[in-house]
Amino acid sequence: HDAGFNGERILQLVEDFHSKNNIESLRPNTFIMNTVLHAWTKSGNPIAGERVEEILFHMEKQYQEGNTSMQPNTRSYGLALASWAKSSCREKTKRARSILCRMEEIGKTNDNATMNVHCYNAVMNAAAFTEGGLDIRTEAFNIATQSLEELLIAPRIDPISSSFGTYIKLCGKLSLPRNLVEPAIAKAFNKCRDLGLVNDFVLTQMRFSTSSDQYQDLMGNIAGDKKLNERVGMSEIPYEWKRNVAERMFGGNEDRVDW
């Protein structure tokens, strides 16, 4: 839990040494700031989300005031998104969504802050692990739904299998009324299938997030001979359902994102 605090202490020492000795190589820059953000993201500290956000906003302010060495980039915003996704804060989904919207706005004048599919996925991942009352969980669901819908129409960003798998997962984990989540699951799975992005992660989340009737309805004959919750393997689904899975994988593993 101390990694973030330690990172900030080292940053303060660097800043003090730079200001006293005017050593250009010790001027705080994007790389150094991102290292501190990364330390907070990995720390598991309950206040990591707030600290990362404050540091990110400090970088934005410095950059806007003309300090180009502090220009926040895609990694900076990705780390902020990851911090909120891991947070235990009840409003984590709203806070992650706020970072996503801020990134979109900043990206209009900052070419180094480019939104990608993992940014949208991070908001949906935050929703999947949101806890609280029905109002909090419903809000998380609505924010995730909006984020997936925006991803699907984003002009230069394509969804990947985990986009749909994470969304279907949150539909099951948030314990919301079935009449709310079942149409959303059906819409997401059908779109995933039509895009040829059904992978094992999507199939697994379908098993755990749907009712037996909906599972049978969406999987069709593939699930016909299966027992309840029995696994459907990739080899059992039509090629058309999975035809684009390999092309959309990042570096061989689409789910591995270390901002």
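(A) Examining the overall build of the chain more closely. In terms of regular secondary structure, the chain is built from 12 helices and 0 strands. When the elements of the chain are put in sequence order from the N terminus, they spell out α-α-α-α-α-α-α-α-α-α-α-α. Burial analysis of the chain (259 residues in total) assigns 47% to the buried set. For the chain, contacts bridging at least 24 residues in sequence account for 69% of all contacts bridging at least 6. As presented, the chain carries roughly 13,000 Å² of accessible surface, and 50% of it is formed by carbon and sulfur atoms.

(B) Layout of the nonpolar core. Grouped together as the largest cluster of nonpolar side chains are 69 residues, with contacts concentrated most on F141, Y167, L170, F189 and M219. The dominant element in this core, judged by the number of residues it contributes, is helix α6 (residues 117-128), at 9 residues. With residues up to four places along the chain from it excluded, the contact list for F141 reads Y167, L170, C171, L174, L176, L180, V181 and A184.

(C) Representation of the pattern of salt bridges. Inspection of the entire model under this criterion finds 13 salt bridges. Note that K61 is salt-bridged to E65, the shortest N-O span being 2.6 Å. The exposure class of K61 is partly exposed, given its relative accessible area of 48%. Residues D200 and R231 are paired through a salt bridge, measuring 2.8 Å at the closest nitrogen-oxygen approach. One end of the pair, D200, is in helix α10 (residues 200-209); the other, R231, is in the loop between α11 (212-219) and α12 (239-242), with 31 residues separating them in the sequence. Given the relative accessible area of 30%, D200 is considered partly exposed.

(D) View of the packing of aromatic side chains. Evaluation of the coordinates by the stated rule reveals 2 aromatic pairs. Considering the side-chain rings of F189 and W241, the 5.7 Å spacing of their centres and the 85° angle between planes classify their relative orientation as edge-to-face. Highlighted residues: F189 in helix α9 (residues 178-194) and W241 in helix α12, separated in sequence by 52 residues. Judged by relative accessible area, F189 falls into the buried class, the value being 0%.

(E) Fine view of the side chain of T145. With respect to the secondary-structure elements, T145 resides in helix α7 (residues 134-153). Take T145: its relative accessible area is 17%, and that puts it in the buried class. Of the polar contacts made by the side chain of T145, one reaches the backbone oxygen of F141; its length is 2.8 Å.

(F) Molecular detail of α11. Those residues of α11 lying buried are Q214, Y215, L218 and M219. Seen end-on, α11 carries its buried residues on one side only, within an arc spanning 115°. Opposite the buried face of α11, by more than 90 degrees, sit the exposed residues D213 and D217. Buried residues in α11 make contact with α9, α10 and α12. Just beyond α11, the residue with positive phi is G220, at close to 65°.

Reading the values: rules and limits
- Residues numbered from 1 in each chain as written.
- Predicted model: local features only at pLDDT ≥ 70, side-chain atom pairs only at ≥ 80, totals over all residues.
- Heavy atoms only, no water.
- Helix = DSSP H or I, 4+ residues; strand = E, 2+ residues; numbered from the N terminus.
- Buried < 20%, exposed > 50% of the residue type's maximum accessible area, 1.4 Å probe, protein only.
- Contact = heavy atoms within 4.5 Å.
- Areas by Shrake-Rupley, 256 points an atom, 1.4 Å probe, with all protein chains shown as cover.
- Core = buried A, V, L, I, M, F, W, Y, C linked by side-chain atoms within 4.5 Å.
- Salt bridge = Lys/Arg side-chain N within 4 Å of Asp/Glu carboxyl O.
- Phe/Tyr/Trp six-rings, centres within 6.5 Å; stacked < 30°, edge-to-face > 60°.
- Polar contact = N/O pair within 3.5 Å; in protein donor to acceptor, adjacent residues only side chain to side chain.
- Arc of directions from axis to C-beta.

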